[in-house]
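Residue-level structural notes
Below, each chain spelled out in residue letters.
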Amino acid sequence: MIPSEGWGVLHLFYEVDRDAAERDPNAGKRVVDAVASLEADGHQALAFVVLGHKADLGFMALGPDLARLQRFQQELRTAPLRPTYSYVSLTELSEYTSTEDDERARLRTEEGVEGDELEAKLVVWRDRMAHYQEHRIHPQLPRKACIGFYPMSKRRVAPDNWYELAFADRKRLMGGHARVGRTYAGRIVQLITGSTGLDDWEWGVTLLADDPVALKDIVMEMRFDEVSARFGEFGPFYTGLVLDPADAVARVGL
Amino acid sequence: MIPSEGWGVLHLFYEVDRDAAERDPNAGKRVVDAVASLEADGHQALAFVVLGHKADLGFMALGPDLARLQRFQQELRTAPLRPTYSYVSLTELSEYTSTEDDERARLRTEEGVEGDELEAKLVVWRDRMAHYQEHRIHPQLPRKACIGFYPMSKRRVAPDNWYELAFADRKRLMGGHARVGRTYAGRIVQLITGSTGLDDWEWGVTLLADDPVALKDIVMEMRFDEVSARFGEFGPFYTGLVLDPADAVARVGL
Amino acid sequence: MIPSEGWGVLHLFYEVDRDAAERDPNAGKRVVDAVASLEADGHQALAFVVLGHKADLGFMALGPDLARLQRFQQELRTAPLRPTYSYVSLTELSEYTSTEDDERARLRTEEGVEGDELEAKLVVWRDRMAHYQEHRIHPQLPRKACIGFYPMSKRRVAPDNWYELAFADRKRLMGGHARVGRTYAGRIVQLITGSTGLDDWEWGVTLLADDPVALKDIVMEMRFDEVSARFGEFGPFYTGLVLDPADAVARVGL
Amino acid sequence: MIPSEGWGVLHLFYEVDRDAAERDPNAGKRVVDAVASLEADGHQALAFVVLGHKADLGFMALGPDLARLQRFQQELRTAPLRPTYSYVSLTELSEYTSTEDDERARLRTEEGVEGDELEAKLVVWRDRMAHYQEHRIHPQLPRKACIGFYPMSKRRVAPDNWYELAFADRKRLMGGHARVGRTYAGRIVQLITGSTGLDDWEWGVTLLADDPVALKDIVMEMRFDEVSARFGEFGPFYTGLVLDPADAVARVGL
Amino acid sequence: MIPSEGWGVLHLFYEVDRDAAERDPNAGKRVVDAVASLEADGHQALAFVVLGHKADLGFMALGPDLARLQRFQQELRTAPLRPTYSYVSLTELSEYTSTEDDERARLRTEEGVEGDELEAKLVVWRDRMAHYQEHRIHPQLPRKACIGFYPMSKRRVAPDNWYELAFADRKRLMGGHARVGRTYAGRIVQLITGSTGLDDWEWGVTLLADDPVALKDIVMEMRFDEVSARFGEFGPFYTGLVLDPADAVARVGL
């Protein structure tokens, strides 16, 4: 089951079934093997322990084949783990990304370049953009110490109804949002995946950082951005510590 | 229990009770037999595995006899499956479908036809419409790789109260919605069933597609349509991979 | 515990505890006996199987003595049944029923009668009204094939706050609602019971019909009525197939 | 743990764990003993069976020592009872009670008394008020056949934001509310306890009556009062039949 | 996992698994040891029994290392305790704290001081502020008899959208809030920790007091403050009695 564009993404959260775990001393190894096997099949998975009682253990799994991701999910179901939450999405491009025309206009008006210089700058821009788009649609997850995950939607209630705004207004608002995001470059890797029609919110947001303070700061700062202040609706927030799968299962007693 | 119009529809979602499943090696076969028996009795059923933890396994069952559907539901209850969600509805015609008068007016004003040519076009239209209506009230489910399901209602809160709009306004709004739907012809089969007074939302929406991106695209595009933007309220979204019943139960460890 | 006016009403919903049921082959008979014993004590009970996973089995029990109804509930608790939902209410008169003055005025202005003719018509009206009121406060449940149940409240949020309307406005609005209801005479038996202060919504609505389409049609049609469109808030909807108690328990594997 | 003013109040709701109860034939006696022991320590407790499936059994326990109330709660946790709901509050005076100045003004303007007569009336008023306040802060629960309990808050959403009203407006609104309450004197004993900062709503309301119709009537009548119509937000409603503890446990199979 | 600023904070709530506890006579000791070990590693923990059925037992644990806090959480997971709720946050400074410029202006306009006197007062102020900030970011929890905990967010819905206010307005509003808080100095110790992006609300509020009436009074009084009245959204409230860990586990039957 290969989507025509983008990869499938599963965020999977579990609590350990302690009684079953005691009777199943190989459970941890089976979980680690399931992750390794998924990765051997050309997919990726992050393992993390979760702070607080929403879950003990979490996985973010992604890759080209939804059927393979379902098989991973099913393999974890045979471990002494009780599902507590999950999220289903697909990687996707943003419809508000700058176009070449936007960039050409910006170069002319903001940087005052024309002619060959303009074209040369556009070649560089195209390359950077292709790289950015490729990362968004086929991301390579970096290994950071912390993970944050939350789903979100845009508000559809008067007087702040995102879906009644004109495209140009939405693009302008999202541009401000992206500017805040860029100030966290280096501190935060952010991956936004699409779930409209697939799960209960419209997007899933995954934040990876070495410092948990960065997870808090970026969400708080963006909350003052008009697009979040007026239009953001947020689901549950999960915070985890990313570990090697073998360490993660050991830390939760598998 | 045969409704005076339309067929009964049950969307049934389950998680596997792993301990019970281990003690019941014939459970998968019993589930497959239950589906086969339902179909032998003139009803239909789709089996699918569900992505994420809302369910492991799902069925969409429909047909003329509510008592037969309840028997199917009860047969599944004897398998090592724990119900996680369900939805009850009836197939129904839309009250906003174009009438013959609408079509005659449209032919005159938009296509400029009159007299015999007009009548000939109406004969074709009547036939196409009868076929469309028959499909809606007695659908034959095609086999696609993916299924999406969600229930929805129309908003009843000021200032966007669907039930205070005049019929003509509602018909116009639904017409725009239908136009978006038609652009997905071939990519998406959509079945809207009525559940007002029967279950917690007013309609159930089933989407069948070979490409999961289509499930995401159609729901997102419709969200910008005025009728969804101002009046759509959505329940939980389920996404599954449709399989032969025997494959589906095997994929979830039955 | 006999209320000073009206009967107690319990809507009770259960799922079967399959493991316990297997160890308890007489459970079905005990449930049937509990119903028979309740009815022998001058109360009524309907048994039904529920479509979808909100419940497997349901009962609507009513009669003069709340303590006897609690005993019935307790007897069912000894069966292998897990409660999934319930609703507590009392039968009651509507405060918006036409008064004799309303009817006299109506006869004069709409039918143009006066004097003896007017008085004769009022005698008939009084009799019909007494019968209607008696049915509402001491209902005899007819046996229909389907049952629908949902609780509801009137909205108390600006700008549509039912409890800030004048009595005359509420009476007029409820009159329109009743007119829709009367067009379903013969297709639907409706019983509205009061639960303000007793359970989480203000009323319980029980619909009995031989055709499930009628359950859907009446609720949808009323939704366009101003009193529902602006002021109706609805809880969960349950749909069941009414059966003899022995058939009902057999259908759910007891 | 003695609060500086008022008594602690616990509303505790349970369902019977039937399997555990069968293995524990002395459970009922232990529950009865726990109640007797609490009362021997200078606290009070009402036992009641609950209508519907929100709970089988409930207790309202109150008295000076929160640590003693926690011990009572813990003793019930050793019975085969599964907690289903609870509410934590403290008895408190109303901040909107008439002051002596209010009463003096009222006597002058409404009753036209002055001088010694006024002072004599104020002596009587002070005595009645002290008695009322003492009952509110150190209530002696009467034994009535029925109990109703629900938590509530005042709305804090524009345009009906209680916490933005001036004190005088709130006092006037609460006065109207109290007038409705007084018309139920004799039919209903009402105890309002404070839970702001202690549990999820701002107040707990306990209604005791011999006639369940009175529970329904008072809540419905108050709902039309401006203070409820515009500012009341209500939590779940519980309805029970008050019994001797030994009868209550027997009625639920302990 | 050491945050770049502030300490990690876990609020952990549990109910006792009675059956497992009976088979595990050393469970209480293990819990007490887990607390002692956490404190030996330079972290703090408060243990408390909870009033009502939201939990039996609770812990507030805080300190520099999130990985160490996760290990504490995991050690409690091996006790016969079922998690019922939790909250994840970080200690943080308030962004609305007075700056030195604010204080200098205040000293000039309100106290009329200048020159050396002004500078001397600022030295004292800087010292007091540093102490306050240090307490907020690295708090030493005092031992009080009662604990209250609730999470909260600022409203983001028109017309009361905190995140659309200018910084100066937010600072003024928070100043009024702080003034109410200061009137409870001595009666209440309050610790506000940040959870935006980490858990479902924006802040966690922990109140410690010897008198439970103080928990109720401060929350009620603040509710009339404009910042709460218009912008406060509150999650669940937990109330507990703080005890030595050994006493706490004994009080809940471990």
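Residues numbered from 1 in each chain as written. Chains lettered and ligands numbered in written order. Predicted model: local features only at pLDDT ≥ 70, side-chain atom pairs only at ≥ 80, totals over all residues. Heavy atoms only, no water.

The subject of this paragraph is the nonpolar core. Core analysis: the biggest nonpolar cluster contains 294 residues, and A:Leu254, B:Leu254, C:Leu254 and E:Leu254 have the highest contact counts within it. If we ignore the near neighbours within four places in the chain, the residues touching E:Leu254 are E:Val16, E:Ala21, E:Ala27, E:Gly28, E:Val31, E:Leu57, E:Pro80, E:Leu81 and E:Val249. (Core = buried A, V, L, I, M, F, W, Y, C linked by side-chain atoms within 4.5 Å. Buried < 20%, exposed > 50% of the residue type's maximum accessible area, 1.4 Å probe, protein only. Contact = heavy atoms within 4.5 Å.)

Our next topic: the relation of the copies chain E and chain D. Each copy of the sequence occupies a distinct position, and chain E is placed on chain D by a rotation of 72 degrees and an axial shift of 0.0 Å, giving an RMSD of 0.0 Å. Classification of the inter-copy transformation places it as that of a five-fold axis. (Least-squares fit on C-alpha atoms with pLDDT ≥ 70 in both.)

Residue and element names in this part refer to chain C. Over its 14 residues, helix H2 (residues 27–40) extends 20 Å from the first C-alpha to the last, a length consistent with the 20 Å expected when each residue adds 1.5 Å. Taken residue by residue, H2 has Ala 27, Gly 28, Val 31, Ala 34, Val 35 and Leu 38 as its buried positions. End-on view of H2: buried residues confined to an arc of 120 degrees, all on one side of the axis. Opposite its buried face, H2 presents the exposed residues Lys 29 and Ala 40, each directed more than 90 degrees away. Buried-residue contacts for H2 involve strand E2 (44–50), strand E3 (57–63), helix H3 (66–77), strand E4 (81–91) and helix H9 (245–251). At the exit of H2 stands Gly 42, carrying a positive phi of roughly 85 degrees. (Helix = DSSP H or I, 4+ residues; strand = E, 2+ residues; numbered from the N terminus. Expected span 1.5 Å × (residues − 1). Arc of directions from axis to C-beta.)

The next subject is the pattern of salt bridges. Enumeration over the complete set of coordinates arrives at 140 salt bridges over all chains. Linking C:Glu100 and C:Arg104 is a salt bridge whose minimum nitrogen-to-oxygen distance equals 3.5 Å. Separated by 4 residues within a single helix, C:Glu100 and C:Arg104 lie in helix H4 (residues 100–111), roughly one turn from each other. Overall, the relative accessible area of 25% leaves C:Glu100 in the partly exposed class. Bridged by salt links that share partners, the residues A:Glu103, A:Arg106, A:Glu110, A:Glu111 and A:Lys121 form one connected network. (Salt bridge = Lys/Arg side-chain N within 4 Å of Asp/Glu carboxyl O.)

Another point: unusual backbone geometry. Cis geometry marks the peptide bond from B:Ala158 to B:Pro159; its omega dihedral reads 5 degrees. Tracing the backbone shows B:Pro159 in the loop between strand E6 (156–157) and strand E7 (160–161).

Residue and element names in this part refer to chain A. Along the chain, Tyr 87 turns up in strand E4 (residues 81–91). On the basis of relative accessible area, Tyr 87 is assigned to the buried category, the value being 0%. Sequence separation between Tyr 87 and Pro 151 is 64 residues, and the spatial gap between their C-alpha atoms is 8.0 Å. Beyond its immediate sequence surroundings of up to four residues, Tyr 87 is in contact with Val 9, Leu 10, His 11, Phe 149, Pro 151, Ser 195, Asp 199, Asp 200, Trp 201, Glu 202, Trp 203 and Gly 204. Here Trp 201 takes part through its backbone oxygen, which lies 2.9 Å from a polar atom of the side chain of Tyr 87. (Polar contact = N/O pair within 3.5 Å; in protein donor to acceptor, adjacent residues only side chain to side chain.)

Bringing the interface of chain A and chain B into the picture now. With 41 residues of chain A at the contact, the number on the chain B side is 40 residues. Here chain A packs against chain B, burying approximately 3,400 Å² in sum over the two surfaces, 56% of which is carbon and sulfur. Considering only the side of chain A, the residues that lose the most area to chain B are A:Arg77, A:Arg156 and A:Tyr163, jointly responsible for 20% of the buried surface there. Seen at the junction of chain A and chain B, the total is 6 salt bridges. Here B:Lys54 and A:Asp200 are joined by a salt bridge, their closest N and O atoms 2.4 Å apart. Seen at the junction of chain A and chain B, the total is 21 residue pairs in polar contact (both at pLDDT 80 or more). Contributing elements (two or more residues each) for the side of chain A that touches chain B: strand E1 (8–16), helix H3 (66–77), E4 and strand E6 (156–157) of chain A. Looking at the side of chain A that touches chain B, the element that brings in the most residues is H3(A), giving 6 residues. A class-by-class count of the residues in the side of chain A that touches chain B yields 20 nonpolar, 11 polar and 10 charged. (Buried area = accessible area lost by both parts, 1.4 Å probe. Nonpolar A, V, L, I, M, F, W, Y, C, P; charged D, E, K, R; others polar.)

Moving on: the pairing of strand E9 (residues 203–209) of chain D. Two faces belong to every sheet, and in a regular strand the side chains alternate between them. All names here are of chain D. Counting buried residues along E9, 7 of its 7 residues qualify, which places the element largely inside the surrounding structure. Across 7 bridges, strand E5 (residues 146–154) lies against E9 in antiparallel orientation. Bridging across to E9, Gly 148 finds its partner in Leu 207. Here strand E8 (residues 188–194) pairs with E9 via 7 bridges, running antiparallel. Paired with Gly 194 across the bridge in E9 is Trp 203. (Pairing = 2+ DSSP bridges.)

If you trace the backbone, E:Ser195 turns up in the loop between strand E8 (188–194) and strand E9 (203–209). Looking at E:Ser195, its side chain comes within polar contact range of the side chain of E:Tyr87, at 2.6 Å. Once residues lying within four places of it in the same chain are set aside, the contact partners of E:Ser195 are A:Lys216, E:Tyr87, E:Val88, E:Ser89, E:Trp201, E:Glu202, E:Trp203 and E:Gly204.

Our focus in this paragraph is helix H4 (residues 100–111) of chain D. Because an α-helix completes one turn every 3.6 residues, residues spaced three or four positions apart along the sequence face the same direction. Residues and elements named next belong to chain D. Those residues of H4 lying buried are Glu 103, Arg 104 and Leu 107. Down the axis of H4, the buried side of the element spans an arc of 105 degrees, and every buried residue falls inside it. Away from the buried face of H4 by more than 90 degrees, exposed residues Asp 101, Thr 109 and Glu 110 are located. Buried residues along H4 sit against helix H5 (115–137). Phi for Gly 112, located one or two positions after H4, is positive at around 65 degrees.

Before going further, it helps to spend a moment on the pairing of strand E11 (residues 238–243) of chain E. Residue and element names in this part refer to chain E. Most of E11 sits inside the fold, with 6 of its 6 residues counted as buried. Here E11 shows two buried faces, one formed by Tyr 238, Gly 240 and Val 242 and the other by Thr 239, Leu 241 and Leu 243. Where strand E2 (residues 44–50) lies against E11, 4 bridges are found, and the strand directions are antiparallel. Among the inter-strand pairings, Val 49 is bridged to a residue of E11, identified as Leu 241. Pairing of strand E5 (residues 146–154) with E11 involves 4 bridges; the strand directions are antiparallel. Following the sheet pairing, Phe 149 is matched in E11 by Tyr 238.

Contact between chain B and chain E is absent, and the minimum C-alpha spacing across the pair is 14 Å. Nowhere do chain C and chain E come into contact; their C-alpha atoms are at least 14 Å apart.

This next bit is on the interface of chain E and chain D. Counting residues at the interface gives 40 residues for chain E and 41 residues for chain D. Summing the contributions of chain E and of chain D, the shared interface buries around 3,400 Å²; its carbon and sulfur component is 56%. Along the contact surface separating chain E from chain D lie 21 residue pairs in polar contact (both at pLDDT 80 or more). At the level of elements, strand E1 (8–16), E2, helix H7 (212–223), helix H8 (226–231), strand E10 (232–234) and E11 of chain E are the ones that each hand at least two residues to the side of chain E that touches chain D. In terms of residue count, H7(E) provides more of the side of chain E that touches chain D than any other element does, 7 residues in total. Across the side of chain E that touches chain D, the residue classes break down as 21 nonpolar, 6 polar and 13 charged.

Moving on: the packing of aromatic side chains. Two aromatic rings, taken as a pair, are described by how far apart their centres are and by the angle between their planes. Under the defined criterion, the tally for this structure stands at 75 aromatic pairs over all chains. In this structure an aromatic cluster arises from ring pairing among A:Phe13, A:Phe48, A:Tyr85, A:Tyr87, A:Phe149 and A:Tyr238. Over the face of the ring belonging to A:Phe234 we find A:Arg223, whose NZ or CZ atom lies 4.4 Å from the ring centre. In this arrangement the basic side chain of D:Lys54 is found over the ring face of D:Tyr238, its NZ or CZ atom lying 5.1 Å from the centre. (Phe/Tyr/Trp six-rings, centres within 6.5 Å; stacked < 30°, edge-to-face > 60°. Lys NZ or Arg CZ within 6 Å of the ring centre and 35° of its normal.)

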